[in-house]
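# Per-entry structural report
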Amino acid sequence: MARVQLVMGDDEHVRFRQQAQLEGLSFSAWLRAAAQERLDRARPNRQFRSSEELSAFFSLCAAAEDSRDTEPDWERHKAAIARSRRIGLPET
């Protein structure tokens, strides 16, 4: 695994870290996700060349949907919302 060193301003560092925390990610995971999103946006849209490719795509989508047979952890979501509301507030 490669290690990458970044140089950024202190204000950027604070803002990025806070956003990562709001999203429930480590700073490293947040930076990787941001980089991946940028790569995804830069990639040209894939076009299907046949009806078989289109059918295979929809089969994959259906399989992914079927694999999510449990509800999201709503308590975890509510805790993340509560944390985000406390960001920047003094601890009392």
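Scroll up for the structure.
Residues numbered from 1 in each chain as written. Predicted model: local features only at pLDDT ≥ 70, side-chain atom pairs only at ≥ 80, totals over all residues. Heavy atoms only, no water.

Another aspect to go through is the overall build of the protein. Counting its regular elements, the protein contains four helices and zero strands. The proportion of buried residues among the 92 residues of the protein is 3%. Of the roughly 8800 Å² of accessible surface on the protein, a fraction of 53% belongs to carbon and sulfur atoms. (Helix = DSSP H or I, 4+ residues; strand = E, 2+ residues; numbered from the N terminus. Buried < 20%, exposed > 50% of the residue type's maximum accessible area, 1.4 Å probe, protein only. Areas by Shrake-Rupley, 256 points an atom, 1.4 Å probe, with all protein chains shown as cover.)

So, about the pattern of salt bridges. Within this structure, the stated rule accounts for one salt bridge. Put simply, Lys 78 and Glu 75 hold a salt bridge, and the shortest N to O gap is 3.1 Å. Within this pair, Lys 78 and its partner Glu 75 are both found in helix α4 (residues 74-86), separated by three residues, close to a single helical turn. The exposure class assigned to Glu 75 is exposed, which follows from its relative accessible area of 54%. (Salt bridge = Lys/Arg side-chain N within 4 Å of Asp/Glu carboxyl O.)

Attention now goes to the packing of aromatic side chains. For the structure on display, the rule yields three aromatic pairs. Relative to Phe 57, the ring of Phe 48 lies with its centre 5.1 Å away and its plane at 50 degrees, an arrangement referred to as tilted. What makes Phe 48 partly exposed here is its relative accessible area of 34%. Seen in terms of ring centroids, Phe 57 and Phe 58 are 5.3 Å apart; in terms of plane orientation they differ by 65 degrees. Their pairing is edge-to-face. Aromatic ring contacts, followed pair by pair, group Phe 48, Phe 57 and Phe 58 into a single cluster. (Phe/Tyr/Trp six-rings, centres within 6.5 Å; stacked < 30°, edge-to-face > 60°.)

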